[in-house]
Each structure stands twice: as structure tokens, then as C-alpha cells.
Amino acid sequence: MRRVLPVLLAVLASSVVAVGAGQPTVLVDGRPYVELERVAAGLETRLDATPGSIRAYLRTPGHVVVLTRNWARIVVDGTPLVLEAPVIVRRGVWLAPQTFVASVIPRVTGGPVAPAGAPAGMPAPTVRAGAAAAPPPAPPGIVAQAPSSSEVTLEEIRHRSYPSFSRVVIETSAPAPYRVERRGGREAVIRLVGVGGEPRGEEVRDSLLDGVRVERAGADLLVRVAFQGAALEPRASTLADPPRLVLDFTAPGSDTRERAGAVGPLRTIVIDAGHGGHDSGATGPGGLMEKDLVLDVARRVARLIEGELRVRVLFSRDGDHFVTLRDRTSFANRERADLFVSIHANAHREAANEGVETYFLSSEATDNAARQVAAAENSVVQLEKPASRARMDVVKAILWDLAQSEFQAESSKLAEVVQDSMTRALRIPNRGVKQAGFYVLGGAAMPAVLIEIGFVTNPREERRLKESRYRDDIARAILAGLAEYKRHWDQRVRVSAGPR
């Protein structure tokens, strides 16, 4: 057997090499990528995706790999796995980091799994004899998760409102069994078996849920979800890194027309003026505060949209007051907005930085500069009341509970047309369309972008940003981008409607 095992491992490893052998790599920002179509062909299967798809599926007998464009996190047979770089689409071709071959393909071919980042064909260390066995199956009615070596505690409860459903996320310190129980006609009860924690509540303001509260029940925790009307059946799923239970409560009569692929008339745009109240945002050397600048520009944009596009405009804030990051997109979701446009002004320690840039949400930042901009904007959460940010890693919170990925392709298109319009009209340096983990975009159930209209920390740009005429120019440039996007939208509506 000692002689056979190395030979068997070598054969399995060689199959991984065969999948990746001879495949050309494409350099993207200096990083080698492989074409997923070629990887699929090496596995004698096909990639289930189109150039415009949000997700791609790679299926082999008994296995499925789910990849999301612009995301580093993939799912292999239901288990999340993080690649060293995001999956991307370039010129209609789906690409994955080269190490995808070594770290993922063995999982769907039955071969040894190489460590993430290892060269293609490198086998993973074998499991020693006597390693811990898999846990026994859970009793009927309880969903099993891996046991923890220490006490499991409740870490956080989060809630998000979407147009057709409400989501409750229950995060624990380690995986824990749970059971969904129904008690009465106006609430659902979820029992977290053997989980410690103190009673608490989560305020909910939407059309489906009335509130969420936690209470102790001996060694367990009970999470009670109260409904506004008749009881709703939760759709439960578990996710890892961190361990959490996700409960989706769907409105009666909801259908797929409310999903990202549906096309209806563009009726409502939410304009989100960043910061406000005790959060002044960035401040320029001449005293210009970002919160005042972006609110003024937002109002100018709104007047133009309503006057020229005949589209209803709503504000996430209509005065100098503070609005939490989560409440901004929750408001847009409750109003069933078609677009979410967040307006901000940039800042940098180097005063010479200038120009405009437009962002859409992604799990991976375009570059370090984009990551720093997102970190600066996300830091607003520190000004929120402690209960709303309990132990929160902001960027992870976006990625954990996201529905936005379904709208990522449309968000990218919206960002491109707005950025192009801004740079052409303002004749200002084009810093490009970028992607990063902005918390304010994380909960939007519609195409959503964040526009940085200029650097208040650049003395020359600050002087321009103080001018009423230049603010009008900015507003009109944003309008032009939205008008261009609306033309594409209306064209899709006509195609979708078909001949009369």
C-alpha cells in the first residue's frame, strides 16, 4: 500500500496539471488568469455562463462550482472558498486567478487539494491516520453544524429590508445547531441549540416584520421574529466565515419580476447625499465641508432629473441631519427605487490629488487607493450608536449578507456612463470606474453607485467646488449620465415588451 499511495497521488495530481496544462494565461493588473471555458473543456464539461451573467457555474458529476463576477469568494459544493483575486469578465471571457486550477479543480475531480496559492499540480498534504472523524448526523428536525470546542455565543443580529423580502442574519461565535419553530400566527421562533448570550432586540421598520427579539430558554436561545401581518415561512440557510444563520421572509405573491433581471419603467431614483449632521465628512483647507457640498449638489441633480427626465426623486436625507449607512439603502428598498446614487467628495493627505471617480460595490477593491476611499467612507459607522455597529467589521458585513451582487453588472454599467459624462463635461482628470466594499451600497436591491465629485482637500479644486456655477456643471454632468443610462433602460423595456 505504501508503494501504491504515492503513485495514486501522482496520477491524481497529474490530472490537475492536465486541466491547467497548455492553457494560456492572461495578465490582469500583473496577475495571471486562466480562461474558465478552457478549464471546463479540460474537465470535459462546459461553463454555464454568458458574458453578461452575474454568475457562472462549473459542473462535473456530483459537483458544482458557483462563481460571481468581480468577487473573490466562490462556492464549491455549498462551501465558500476565497480565491487570491476576484473572478472577472474581460471582453466577454470569464477569467479566474491561475491558482484556481490547483486550489479548486481537485475538489471536483476527487484529487488532492492544493493549498490556496500553490502552483498548479502541487498536491496537498495528506490527512494523517487517526485524524478526527466527521461529526455524527444531527437528530431529526435540527440542522447540524460542526461542533465547537468552546461555548457558542450569539455575536450579532442584523436585519435588511429588500423590496420583496426581509432578511434576518443571526451570527454566532461558532457553528451551532438550530431549529425553526412556529408559535402562533404572528411570529416565527428560531431555537439556537446550546448557544449562550443575553436577551436583546433589533428594531425593524419595514412592511413585513415588526421586530426581532432574543430571549433565553434554558441552555438555548430563542429568536422571535414578529410579523406585521400573517405569518411568513422563513427560508433558512447557513453560511460560514463567520458562522451565521440567514433567514429570508418573502412577501406573499412575490415573483421573479422583482429580481434584477426584470425590466420595468424607470420611475424612482434615490439621491443619497453623503454624511450629514454630526458627520461633516471631509473638510477642505478653506473650510468647505463635504456634507454641505454634496447636499447642495444632490438638490441640484434632483431638480434637473424631475424637470428633464420626468422621474421621481427621493432623498435619503433632505437636510443637515445624520442618517446611518444602513438606513440609506433600506429607505431606497422600501420605496422600491430603481436606482441609488450616492454623492460624495473625496479627500487625500496629498493635496495635489484631483479628479472624479465612480464606484460600484465589489468584494475586492480595484486597488489600494480604492480600498482607502472605501475605508474612509465606511468609517462613518463609528459615529453611529454602539448598538448598531456592535463588533462590526464594516466591509465584511457587506459581503456576508449581500443581495447587491445580483445588480452588480447593472451597477457597473451605470458607473461607466456617469463617469464618462462627468469627465467629458467637467474636463477634469478621469480617475476611472472602480470597485470596492462600500457599506452604503451593500444593501441596495437595485443598481447603485457612489460618485466622488472631486477632492475638497485640493485647494484649487476646493475653490471650484465652492462656486455655484461649477456645482451646476456637476449636477448637469450627473444628469447627462443618468439620462444616457435611462435611454438604455427604456430600450430594454421596449424590447422586453415586444411587438404590440
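Residues numbered from 1 in each chain as written. Predicted model: local features only at pLDDT ≥ 70, side-chain atom pairs only at ≥ 80, totals over all residues. Heavy atoms only, no water.

### A word on the overall build of the protein chain
Each helix and strand counted, the protein chain has 11 helices and 25 strands in total. Burial statistics for the protein chain: of 500 residues in total, 51% are counted as buried. Relative to all contacts within the protein chain whose residues are 6 or more apart in sequence, the contacts with residues 24 or more apart total 68%. Summed over its atoms, the accessible surface of the protein chain is roughly 23,100 Å², and 52% of this surface lies on carbon and sulfur atoms. (Helix = DSSP H or I, 4+ residues; strand = E, 2+ residues; numbered from the N terminus. Buried < 20%, exposed > 50% of the residue type's maximum accessible area, 1.4 Å probe, protein only. Contact = heavy atoms within 4.5 Å. Areas by Shrake-Rupley, 256 points an atom, 1.4 Å probe, with all protein chains shown as cover.)

### Details of the packing of aromatic side chains
Inspection of the entire model under this criterion finds two aromatic pairs. Above the ring of Trp489, the side-chain terminus of Arg492 is found at 5.5 Å from the ring centroid. (Phe/Tyr/Trp six-rings, centres within 6.5 Å; stacked < 30°, edge-to-face > 60°. Lys NZ or Arg CZ within 6 Å of the ring centre and 35° of its normal.)

### Notes on helix H5 (residues 325-334)
Within H5, seven of the 10 residues are buried, leaving the element largely enclosed by the surrounding structure. Turning to H5, its buried residues number three or more, namely Leu325, Arg328, Thr329, Ser330, Phe331, Ala332 and Asn333. Among the residues trailing H5, Arg336 stands out with phi positive, at a value near 55°.

### Some details on the environment of Ser411
Tracing the chain through its elements places Ser411 in helix H8 (residues 408-426). What makes Ser411 buried here is its relative accessible area of 0%. Residues Ser411 and Phe360, 51 residues apart in the sequence, show an inter-C-alpha distance of 5.9 Å. From its side chain, Ser411 meets the backbone nitrogen of Ala448 in a polar contact 3.0 Å long. (Polar contact = N/O pair within 3.5 Å; in protein donor to acceptor, adjacent residues only side chain to side chain.)

### Quick word on the confidence of the model for the protein chain
Confidence in the prediction for the protein chain averages 77 pLDDT; 73% of positions are at 70 or higher. Scored below 50 in pLDDT, residues 1-22 shows 17 contacts in the model against residues more than four places distant or in partner chains. Of the regions scoring below 50 in pLDDT, residues 387-401 engages in 36 contacts with residues more than four places distant in sequence or in other chains. (pLDDT = per-residue confidence, 0-100.)

### A closer look at the sheet that holds strand E17 (residues 220-227)
Note: strands within a sheet are paired through backbone hydrogen bonds, in either parallel or antiparallel orientation. The five strands lie next to each other as E12-E13-E17-E16-E15, forming an open sheet whose pairing is antiparallel. Every other strand in the sheet has two partners, leaving strand E12 (178-182) and strand E15 (200-202) as the edge strands with one partner each. Direction aside, the axes of adjacent strands within the sheet are offset by 20° on average. Bridging between strand E13 (residues 187-192) and E17 involves six bridges; their strand directions are antiparallel. Bridge pairing in E17 links Ile190 to Val223. (Pairing = 2+ DSSP bridges. Axes fitted to C-alpha atoms, helices over the stretch in contact; angles between N-to-C directions.)

### Quick word on the side chain of Glu357
By the secondary structure assignment, Glu357 is in strand E23 (residues 356-361). Given the relative accessible area of 0%, Glu357 is considered buried. Looking at Glu357, its side chain comes within polar contact range of the side chain of Asn346, at 2.8 Å.

### A short note on unusual backbone geometry
Even without glycine at this site, Arg91 takes up a positive phi of about 55°. Its place among the elements puts Arg91 in the loop between strand E8 (88-90) and strand E9 (93-97). Despite not being glycine, Arg310 has its phi angle at roughly 55°, a positive value. Of note, Arg310 is situated in the loop between helix H4 (290-309) and strand E21 (312-315).

### With respect to the pairing of strand E2 (residues 31-35)
In the sheet, strand E1 (residues 25-28) pairs with E2 via four bridges, with the strands oriented antiparallel. When the bridges of E2 are listed, Leu27 appears paired with Pro32. In this structure, the hairpin formed by E1 and E2 is closed by a connection of two residues, where Asp29 is found at a positive phi of approximately 55°.

### Describing the sheet that holds E9
The strand order across the open sheet formed by four strands is E1-E2-E9-E8, and the pairing between neighbours is antiparallel. The open sheet terminates on both sides in strands that have one partner only, identified here as E1 and E8. Neighbour to neighbour, the strand axes of the sheet diverge by 45° on average, direction disregarded. Here E2 pairs with E9 via three bridges, running antiparallel. Counterpart to Glu35 in the pairing with E9 is Leu95.

### Examining the pattern of salt bridges
Here the structure, examined in full by the defined rule, presents 27 salt bridges. Note that Arg179 and Glu181 form a salt bridge whose closest N and O atoms lie 3.1 Å from each other. On the basis of relative accessibility, which here comes to 14%, the residue Glu181 falls in the buried class. Ionic pairing is found between Glu335 and Arg312, a salt bridge with its closest N-O pair at 3.8 Å. You can see Glu335 sitting in the loop between H5 and strand E22 (339-346) and its partner Arg312 sitting in strand E21, a full 23 residues away along the chain. Each of the salt bridges in this network shares a partner with another, and the network as a whole consists of Arg179, Glu181, Arg191 and Asp220. (Salt bridge = Lys/Arg side-chain N within 4 Å of Asp/Glu carboxyl O.)

### Topic: the environment of Phe322
Structurally, Phe322 can be placed in the loop between E21 and H5. Looking at Phe322, the relative accessible area reads 22%, which means it is partly exposed. The sequence separation of Phe322 and Gly277 amounts to 45 residues, and the corresponding C-alpha distance is 4.4 Å.

### Quick word on the nonpolar core
Ranked by internal contacts, the top residues of the largest apolar core, which has 47 residues, are Ile305, Ile343, Met422, Ile453 and Ile478. Of all the secondary structure elements, the ones that give two or more residues to this core are strand E20 (268-273), H4, E22, E23, H8, strand E25 (448-455) and helix H11 (468-497). With 11 residues, the single largest contributor to this core is H11. With residues near it in sequence (within four places) discarded, Ile343 still touches Ile271, Asp272, Ala273, Gly274, Val294, Val297, Ala298, Val301, Ile451, Ile453 and Ile478. (Core = buried A, V, L, I, M, F, W, Y, C linked by side-chain atoms within 4.5 Å.)

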